[in-house]
Amino acid sequence: MNSVFVISNTDDQMVFHADWVETMCIFAADGSASEEDLYRALSQEGGRSDNKARELAHDAFIELADRTVACGSASQGAYPFELSQRRNKLSLADGQDWPESSIPYLFQLMTCRWSMASVDRTLANIDPTAVFEMLCAEVLGSFWGTCSGTSGAFVFGTAAGATLPTFPEKVAHIVSTLREGGAYKIAAISPGAGDGKLDAVAYRVFADQRRGGLIGFAQAKTGENWRQHLTKLQPRSFMSKYVTSPLVIDPVRIYMVPHRIHHDRWESDSLEGGLLFDRCRITQYADRVSPNVLENADRWLRAAISATTYP
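Residues numbered from 1 in each chain as written. Predicted model: local features only at pLDDT ≥ 70, side-chain atom pairs only at ≥ 80, totals over all residues. Heavy atoms only, no water.

K.L.:
Whenever I open this one, the sheet that holds strand β4 (residues 151-155) confuses me. Can you help?
P.N.:
Whenever strands of a sheet pair, they do so through backbone hydrogen bonds, lying parallel or antiparallel. Read across the open sheet, the 5 strands follow the order β4-β5-β6-β7-β8; overall the sheet is mixed. Each end of this open sheet is capped by a strand with a single partner; those strands are β4 and β8 (275-277). Averaged over all pairs of adjacent strands, the angle between their axes in this sheet comes to 20 degrees, without regard to strand direction. Strand direction decides the pairing type here: strand β5 (residues 200-204) and strand β6 (residues 214-220), joined by 5 bridges, are antiparallel. Bridge pairing in β6 links Tyr-203 to Ile-215. Set on the sheet, helix α5 (residues 128-144) makes contact with β4, β5, β6, β7 (252-256) and β8; between it and β4 the angle comes to about 170 degrees. (Pairing = 2+ DSSP bridges. Helix = DSSP H or I, 4+ residues; strand = E, 2+ residues; numbered from the N terminus. Axes fitted to C-alpha atoms, helices over the stretch in contact; angles between N-to-C directions. Contact = heavy atoms within 4.5 Å.)

Here's what the structure looks like:
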């Protein structure tokens with residue numbers, strides 16, 4: 001069961017309506033959707049006046065125009081849609097033969113339209129939540145800056161898989177990479193099959209081997225209820241629980257979601273979640289994502305499209 005073509009929700013209407021327009025572009029025969037299309041769909045849904053439906057449709061296209069800028073221009077085609085000159089029609093730039101640069105955005109969009117319930121989300125033997133964790137780690141590595149041996153990022157969450165199979169091994173890897181933190185607390189109670197809300201770690205340390213680098217702890221969250229988890233990851237508390245020696249400088253708290261966060265909610269969400277990466281910010285720094293992550297994201301995306309019946 002999925003909600004690909006649901007047009008309204010009770011929160012962030014402008015964002016949700018803009019997502020609907022982008023989604024319709026993917027499925028429409030001509031690869032486009034207009035402000036008029038959205039207005040008609042909102043009118044048919046009922047429960048609002050004609051003027052209100054037109055206002056909501058217009059607001060959605062203001063949001064779409066903002067996305068064309070917010071995704072950045074470092075990687076051509078990162079935002080896979082094009083607005084008409086009058087900014088009242090959106091089109092999928094390359095049809096369904098989209099370039100690799102478009103995959104991160106389209107993948108994130110579809111995870112927001114598809115059910116992320118454990119019984120629904122796996123398609124083509126690919127769990128999109130794991131792919132999103134890997135995407136986030138690589139995006140953080142790009143954002144933090146790449147310097148061989150002294151900076152980078154890695155997955156800490158469930159997507160780490162066989163590379164770091166147990167929680168103590170994951171924490172030991174943090175200590176080894178950051179060159180501080182002492183060791184894993186033998187008496188610590190690990191979060192069982194969980195990851196302590198930590199999904200990715202970014203770091204930038206120094207060749208002098210001294211403590212006090214720039215560290216980022218990120219939580220990557222999919223699903224409709226992501227705002228309920230904004231405050232869950234607490235880096236200082238995490239390190240106090242699981243390592244024998246505190247870090248000199250607390251890690252930056254980062255929250256990453258495949259959703260687009262509206263500017264009216266940005267300050268509030270930042271105060272609760274820390275450094276925010278929404279869909280557009282992730283896309284801006286996704287120009288160096290590995291072929292493996294892009295391939296899995298694209299396979300899941302196309303499987304979701306194939307499994308969806310266009311109304």
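What follows continues from the structure just given.
K.L.:
Help me understand the packing of aromatic side chains in this model?
P.N.:
The relation between two aromatic rings is expressed through the spacing of the ring centres and the mutual angle of the planes. Taken as a whole and assessed by the stated rule, the structure comprises 18 aromatic pairs. Seen in terms of ring centroids, Phe-81 and Tyr-105 are 6.3 Å apart; in terms of plane orientation they differ by 75 degrees. Their pairing is edge-to-face. Of this pair, Phe-81 sits in strand β2 (residues 81-83) while Tyr-105 sits in helix α4 (residues 103-113); the two residues are 24 residues apart in sequence, bridging distant segments of the chain. Taken individually, Phe-81 and Tyr-105 each receive the classification buried, so the pair is uniform in this respect. Through successive ring pairs, a cluster of aromatic residues spans Phe-156, Phe-167, Tyr-184, Phe-217, Phe-238 and Tyr-242. Over the ring of Tyr-39 we find Arg-54, and its NZ or CZ is 3.8 Å from the ring centre. (Phe/Tyr/Trp six-rings, centres within 6.5 Å; stacked < 30°, edge-to-face > 60°. Buried < 20%, exposed > 50% of the residue type's maximum accessible area, 1.4 Å probe, protein only. Lys NZ or Arg CZ within 6 Å of the ring centre and 35° of its normal.)

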